[in-house]
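Residue strings, one per chain:
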Amino acid sequence: MYYDNQGQYDPDEDFFDNGFDDYSTIPYSDIPERQSGDRVKEETSAARRPAVQGVGRDSRGSADSRKGRGNTGSSRGSADGSPGREGGNRERLRQRRKRERKARERKRRILIAAIAGGSAAAALVILLSVRFVMSRNAAKKQDALRETAAASTLSTVSEAAQEEQLPSDPDDMPPEQLEKAKAKRGLSADVASFALGYKFKETGATAQIPLTDANYKKMEQEKKWNAAIAASAAGTTPSAAEDPSESSSQEEPAATTGTAPAGAVGDDYVDSDYAILVNADTNEIVAERNPQDKICPASMTKVLTVLVAAEHIDDSKLQDTQEITQDITDLAYINDASNVGYMPGDKPTVEEMFYGTILESGADAAMGLADYVAGSQDAFVKLMNDKLDELGLSATSHFTNVVGLYDKDHYTTVHDMAVIMKAAMENDFVRKVMTAHTYTCMGAQQVYPEGRLISNWFLRRIEDKDTHGTVLCAKTGYVTESGNCAVSYQLSNDGGHYICVTALAAGNWRAIRDHVAMYQEYTK
């Protein structure tokens, strides 16, 4: 151990731990800090070096042993203040000790890094092992679900095949087989006679709805309209003779008797360019006009919207709420679509949106319903087209939106619309919604804080007409491309169920009168 001149222990000068028990063990010639005076003394006598190098620890303090070094008294440095051999040794050892400390620190950091890397690797291995086990378990569950789904699909296909094998005419079916067919489809008493599925057929008794002078006049009017539209697109102005006028009033005429043209159907004529009347019990087409021509269904689309929604919502969810978004209200506003009056942030119940979609023909309610069921309107439209495929209509019908906005890829036929209506009537909840005449909406609080009473426009206007029965359900629609259109469902006086669909009528009252005329002429 090293002690300074006052007898105090100096840890910075103690190099015993580094393997040096005396400064003299380091050759003097290796000390870089020698001054010029020391070099002269070294050269005076070569014999002095070993004597100096051999000095022991107990003789460090003697004056005689330092004479050869050029030191005086007990001073460690040279006479002129420069460090001597002892100072050089200490500095050299201090630097060496510093290097060794750095080396130890570097080794320590490397060791820590190695331990950390090993721990991370071990954790990664454990994590991958756990995920592998979870993936295997998930795969096993998925395989089990696929097997269950496959079995269910096979069962469904088998049942569908049996249904397809049923006779197309209920008169050819034994009574007990007909009752089994009804029970198998789980139909309620209101539509228990709908046992034959969704394929309508023409028979020898199918009537072709006759054209009248009024129809030909309307055709000429439509040609003029088309000419005017083409001229407008070309930037020219049609002559006064070609300029079309209003084809019919949107209000109900004061009287319609005594004005029916020759060849009219019933006490009125059928104005719509496309029309069909089917017996929903026998699947027979009773009367038709261009039943397979492509049309835009307009708001009749919403019949399929509520049917698909009802099939994906449990009754226990009807009191759930759905927030109306800015996108919904913007789309309804931009397209000038009918609406319940919801504003962004309103939260109507699911049940209310069903009634708003049908009774008020609310685009906002229909889009809110789609978002609730499928998360987006695009996803819901896919469900609608899946339903069309299930009904066997995918070759002649395709929908692109839940509202009925015009799109060249949004189309159907009056025949297919009758099939959709029949499927909707078989759903108890949808039938309940579509038979309602009025409903009070409480969800449009920002515009109607006291609630809003909505109603089924078609039902309220046809209920006092003689249709040889009672029209229970209906949905209207209008876009320029389809004119006024409507689909209705009637329970006739003789207990039969009929579905009527018309499109491209000259006005909304004209569409109602077309349904009255067809029911009067072809039902009992």
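Quick caveat: nothing in here was measured; it's all calculated off a predicted structure.

**Q** Help me get a handle on the sheet that holds strand β8 (residues 497-505), residues and values and all.
**A** Here we have six strands laid out as an open sheet, ordered β1-β3-β2-β8-β7-β6, and mixed in their pairing. Two strands in the sheet have a free side with no partner beyond their single neighbour: β1 (207-208) and β6 (469-479). Two elements, strand β2 (residues 274-279) and strand β3 (residues 284-289), share five bridges in a ladder whose sense is antiparallel. The residue bridging A275 from the neighbouring strand is R289, located in β3. Across the sheet, helix α11 (residues 414-425) touches β2, β3, β6, β7 (483-492) and β8, and the angle it forms with β8 is around 140°.

**Q** I'd like a description of the pattern of salt bridges, backed by residues and values.
**A** Any two side chains of opposite charge can pair if their charged atoms end up close together. Tallying each qualifying case throughout the model produces 16 salt bridges. Measuring nitrogen to oxygen at the nearest pair gives 2.3 Å for the salt bridge that ties E105 to R108. On the criterion of helical spacing, the pair formed by E105 and R108 is a turn pair, its members being three residues apart in helix α3 (residues 85-164). Exposure remark for E105: the relative accessible area of 29% places this residue in the partly exposed category. Measuring nitrogen to oxygen at the nearest pair gives 2.9 Å for the salt bridge that ties R431 to D428. Here the residue R431 and the residue D428 both occupy positions in helix α12 (residues 428-435), the gap between them amounting to three residues, near one helical turn. One connected set of salt bridges, linked through shared partners, spans E105, R108 and R109.

**Q** Give a detailed account of the environment of A374, specifying residues and quantitative values.
**A** Topologically, A374 is positioned in helix α9 (residues 363-374). A374 gets classed as partly exposed once you look at its relative accessible area, which sits at 27%. Every residue in contact with A374, bar those within four places of it in the chain, is listed here: A379, F380 and L383.

**Q** Run through the packing of aromatic side chains, naming residues and quoting values.
**A** Tallying each qualifying case throughout the model produces four aromatic pairs. The interplanar angle of 90° and the centroid separation of 4.9 Å between the aromatic rings of F354 and F429 together place this pair among those described as edge-to-face. Of the two residues, F354 sits in helix α8 (residues 350-358) while F429 sits in helix α12, which places them 75 residues apart along the sequence. Here F354 falls in the buried class, since its relative accessible area comes to 1%. In this structure, K422 is placed above the aromatic ring of F194, and the distance from its NZ or CZ to the ring centre is 5.3 Å. Seen from the ring of Y269, R510 lies directly overhead, with NZ or CZ sitting 4.3 Å from the centre.

**Q** Help me get a handle on the packing of helix α6 (residues 301-311) against α8, residues and values and all.
**A** Two numbers describe how α6 lies on α8: the axes approach to 9 Å, and their chain directions differ by 165°. Considering their axes alone, α6 and α8 lie roughly antiparallel with respect to each other. Relative to α8, the crossing made by α6 is left-handed. In this structure, α6 uses K302, V306, A309 and A310 to contact α8, whose residues at the interface are F354, T357 and I358. Its residues placed into classes, the contact of α6 with α8 shows five nonpolar, one polar and one charged.

**Q** Describe the state of the cysteines, listing the residues and the values that go with them.
**A** Considering all chains together, one arrives at zero disulfides under this definition. Free cysteine: C485, not disulfide-bonded; nearest cysteine sulfur from C296 at 7.5 Å.

**Q** Can you lay out the side chain of D364 for me, pointing to particular residues and giving the numbers?
**A** Tracing the chain through its elements places D364 in helix α9. In this structure, D364 is buried with no salt-bridge partner, the nearest side chain bearing the opposite charge being R452 at 6.9 Å. A distance of 3.1 Å separates a polar atom in the side chain of D364 from the backbone nitrogen of G341.

**Q** Outline α8, listing residues and values.
**A** For α8, the buried fraction is high: nine of the nine residues fall into the buried class. Residues of α8 that are buried: V350, E351, E352, M353, F354, Y355, G356, T357 and I358. Contact partners of the buried residues in α8: α6, α9, α12, β4 (438-441), β5 (452-455) and β6.

**Q** Just give me the short version of the confidence of the model for the protein chain, but keep the residues and values in it.
**A** Mean pLDDT over the protein chain stands at 77; residues scoring 70 or higher make up 68%. The low-confidence segment residues 13-82, where pLDDT is below 50, has 91 contacts with residues more than four positions distant or belonging to other chains. Here residues 149-169 is modelled with pLDDT under 50, and outside its nearest four sequence neighbours on either side it reaches 18 contacts, counting other chains as well.

**Q** How would you summarise α9 if you had to cite specific residues and measurements?
**A** Over its twelve residues, α9 runs 16 Å from end to end, which matches the ideal 16 Å to within 8%, given 1.5 Å per residue. In terms of residue burial, α9 counts as a mostly covered element, since nine of its twelve residues are buried. Of the residues making up α9, those classed as buried are A363, D364, A365, A366, M367, G368, L369, A370 and D371. Residues of α9 that are buried sit in contact with α6, α7 (326-334), α8 and α10 (377-390). Following α9 by one or two positions, G375 adopts a phi angle in the positive range, close to 90°.

**Q** Provide a residue-level description of unusual backbone geometry, including the pertinent values.
**A** Even without a glycine there, the phi angle at D336 is positive, about 50°. Looking at the element boundaries, D336 is found in the loop between α7 and α8. Relative accessible area serves as the criterion here: at 70%, D336 is assigned to the exposed category. A positive phi angle, near 55°, is found at S361, a position not held by glycine. Mapping S361 onto the fold places it in the loop between α8 and α9. Judged by its relative accessible area of 10%, S361 is buried.

Calculation rules
- Residues numbered from 1 in each chain as written.
- Predicted model: local features only at pLDDT ≥ 70, side-chain atom pairs only at ≥ 80, totals over all residues.
- Heavy atoms only, no water.
- Pairing = 2+ DSSP bridges.
- Helix = DSSP H or I, 4+ residues; strand = E, 2+ residues; numbered from the N terminus.
- Contact = heavy atoms within 4.5 Å.
- Axes fitted to C-alpha atoms, helices over the stretch in contact; angles between N-to-C directions.
- Salt bridge = Lys/Arg side-chain N within 4 Å of Asp/Glu carboxyl O.
- Buried < 20%, exposed > 50% of the residue type's maximum accessible area, 1.4 Å probe, protein only.
- Phe/Tyr/Trp six-rings, centres within 6.5 Å; stacked < 30°, edge-to-face > 60°.
- Lys NZ or Arg CZ within 6 Å of the ring centre and 35° of its normal.
- Parallel < 35°, antiparallel > 145°, perpendicular 65-115°, else oblique.
- Left-handed = near helix turned anticlockwise from the far one by under 90°.
- Nonpolar A, V, L, I, M, F, W, Y, C, P; charged D, E, K, R; others polar.
- Disulfide = S-S within 2.5 Å.
- Lys, Arg positive; Asp, Glu negative; His and termini not counted.
- Polar contact = N/O pair within 3.5 Å; in protein donor to acceptor, adjacent residues only side chain to side chain.
- pLDDT = per-residue confidence, 0-100.
- Expected span 1.5 Å × (residues − 1).

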